[in-house]
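One-letter residues, chain by chain:
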Amino acid sequence: MADVLHTDNLSIGYTSKAGKTVIAKNLNLTLPDGKLIALIGANGIGKSTLLRTITGIQKPLEGTVFLNDKKITAYEPLELAQNLSVVLTEKLPPSNLTVFELVALGRQPYTNWIGTLTDNDVEKVRQAIELTHIQHLSSKKHYEISDGQLQNVLVARALAQDTPLIILDEPTTHLDLVHKVALFKLLRKLTHETGKCILFSTHDVDLAIQLSDEMIVMTPEKTVQNDPCTLITEGTFNTLFEDEHIFFDAEKGKFIIK
Ligand SMILES: Nc1ncnc2c1ncn2[C@@H]1O[C@H](COP(=O)(O)OP(=O)(O)OP(=O)(O)O)[C@@H](O)[C@H]1O
């Protein structure tokens, strides 16, 4: 199995007049085809910073990100959009778009300059809408739907973009438990059936342990990547939160309140 993305000694963080702030360093991560990978860590640990850096939106402090063995900085915007779809947590710019039109924006890397959709494009948009169960919202304006519904719409847009790698920053934040599980299962099904790799950040650690193939765990000391069972055996989740009120029960595979 090939890796759609890997990092080589990546350091992430911020540069200001006061100097460099390193958020995490020496990251050698691999995102294999066909896997659902959860990125977890406490608030402020650096998950969004990592996602912005590996998608080429933010410059690394050091090291390199390779997408299909080519430096991500060497991609032209159109070629990048055909290989990588990204849903970050930023608000949408004001517009009058319907849900269908918003999902159809995912086809932009493939359409001509006036954005005419071919039958194939319309079919991809329709499939993405059906997979995410948002058919009933299709003709609503995007500002007429709830935050949770919008999250599914943005996932649909990423699916319509039909790229080998999809990166989602906290796609389940506004979803209730039923919709969280449904989205996790959909993402897992997609990775296994289509060979795409999906990396997503989440605070739903228990669900991620149950439903992801691999996890990237960020702690103040280090960032590790492995399958959930190995991470449990290695005691990685005990180091996730420095808090006397909760502990990780390795047998149950979840956090318990003391
Ligand atoms: N533009 C910025 N300039 C400087 N520091 C920043 C900037 N954006 C974020 N940070 C800092 O980088 C660190 C990591 O932030 P980041 O948003 O990546 O964390 P996170 O793990 O995604 O957090 P959360 O789970 O709360 O969303 C934080 O200490 C934050 O204050």
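Parameters at a glance
- Residues numbered from 1 in each chain as written.
- Predicted model: local features only at pLDDT ≥ 70, side-chain atom pairs only at ≥ 80, totals over all residues.
- Heavy atoms only, no water.
- Near = heavy atom within 4 Å.
- Polar contact = N/O pair within 3.5 Å; in protein donor to acceptor, adjacent residues only side chain to side chain.
- Areas by Shrake-Rupley, 256 points an atom, 1.4 Å probe, with all protein chains shown as cover.
- Helix = DSSP H or I, 4+ residues; strand = E, 2+ residues; numbered from the N terminus.
- Pairing = 2+ DSSP bridges.
- Axes fitted to C-alpha atoms, helices over the stretch in contact; angles between N-to-C directions.
- Contact = heavy atoms within 4.5 Å.
- Core = buried A, V, L, I, M, F, W, Y, C linked by side-chain atoms within 4.5 Å.
- Buried < 20%, exposed > 50% of the residue type's maximum accessible area, 1.4 Å probe, protein only.
- Domains from an automatic or database assignment.
- Buried area = accessible area lost by both parts, 1.4 Å probe.
- Phe/Tyr/Trp six-rings, centres within 6.5 Å; stacked < 30°, edge-to-face > 60°.
- Lys, Arg positive; Asp, Glu negative; His and termini not counted.
- Salt bridge = Lys/Arg side-chain N within 4 Å of Asp/Glu carboxyl O.

Draft legend 1. Broad picture of the site of the ligand. Taken together, the residues surrounding the ligand are Tyr-14, Ile-23, Ala-42, Asn-43, Gly-44, Ile-45, Gly-46, Lys-47, Ser-48, Thr-49, Glu-170 and His-203. Within the contact set of the ligand, a nitrogen atom lies 3.1 Å away from a side-chain nitrogen or oxygen of Tyr-14. Summarising the interface, the protein chains cover 56% of the accessible area of the ligand, which totals 640 Å² for the free molecule. Considering every element that reaches the shell around the ligand, the biggest residue donor is helix H1 (residues 47-54), with three residues.

Draft legend 2. Representation of the sheet that holds strand S11 (residues 223-226). Strand order in the open sheet made by the six strands is S7-S8-S9-S4-S10-S11, with mixed pairing throughout. If you trace the sheet from one side to the other, it starts and ends with strand S7 (84-87) and S11, each paired once. Neighbour to neighbour, the strand axes of the sheet diverge by 15° on average, direction disregarded. Helix-sheet contacts for helix H6 (residues 177-194) involve strand S4 (36-41), strand S8 (165-169) and strand S9 (197-201), and the interaxial angle to S9 is about 155°.

Draft legend 3. Just the nonpolar core, in detail. Judged by nonpolar contacts, the single largest core of 44 residues is most densely connected at Val-103, Ile-134, Leu-168, Met-215 and Phe-237. Ranked by size, the runner-up nonpolar core spans 26 residues in total, among them Ile-12, Ile-72, Leu-80 and Leu-199.

Draft legend 4. The domain arrangement of the protein, seen in detail. In terms of domain boundaries, the protein breaks down into domain 1 (1-28 + 45-75), domain 2 (76-203) and domain 3 (220-258). A separation of 24 Å is found between the C-alpha centroids of domain 1 and domain 2. In this assembly, 15 residues from domain 1 lie in contact with 18 residues from domain 2. Here domain 1 and domain 2 share an interface that buries about 1300 Å² over both sides, 75% of which is from carbon and sulfur atoms.

Draft legend 5. Quick peek at the packing of aromatic side chains. Enumeration over the complete set of coordinates arrives at four aromatic pairs. Between Phe-184 and Phe-200 the ring centres are 5.1 Å apart and the planes differ by 75°, which places this aromatic pair in the edge-to-face class. A residue pair is termed long-range when its members are at least 10 positions apart, and Phe-184 in helix H6 and Phe-200 in strand S9 qualify at 16 residues. Per residue, the accessibility class of Phe-184 equals that of Phe-200, and both read buried. Ring geometry for Phe-248 against Phe-255: centres 5.0 Å apart, planes inclined by 70°, an arrangement best described as edge-to-face. Taken as a pair, Phe-248 and Phe-255 share a single burial class, namely buried. An aromatic cluster is present here, built from Phe-237, Phe-241, Phe-248 and Phe-255 joined pairwise through their rings.

Draft legend 6. Molecular detail of the pairing of strand S5 (residues 62-67). In terms of strand pairing, strand S1 (residues 3-16) meets S5 through five bridges, oriented antiparallel. Along S5, the bridge assignment pairs Asp-8 with Thr-64. The turn linking S5 back onto strand S6 (residues 70-71) is made up of two residues, and Asn-68 within it adopts a positive phi angle of 50°.

Draft legend 7. Structural view of the side chain of Glu-214. Residue placement: Glu-214 occurs in strand S10 (residues 214-218). Buried within the structure, Glu-214 lacks any salt-bridge partner; its nearest side chain of opposite charge belongs to Lys-35, at an N-O separation of 4.1 Å. At a separation of 2.8 Å, a polar atom in the side chain of Glu-214 contacts the side chain of Gln-225. Those residues in contact with Glu-214, other than ones at most four positions away along the chain, are Thr-30, Pro-32, Lys-35, Leu-36, Ile-37, Ala-38, Gln-225, Asn-226, Asp-227 and Pro-228.

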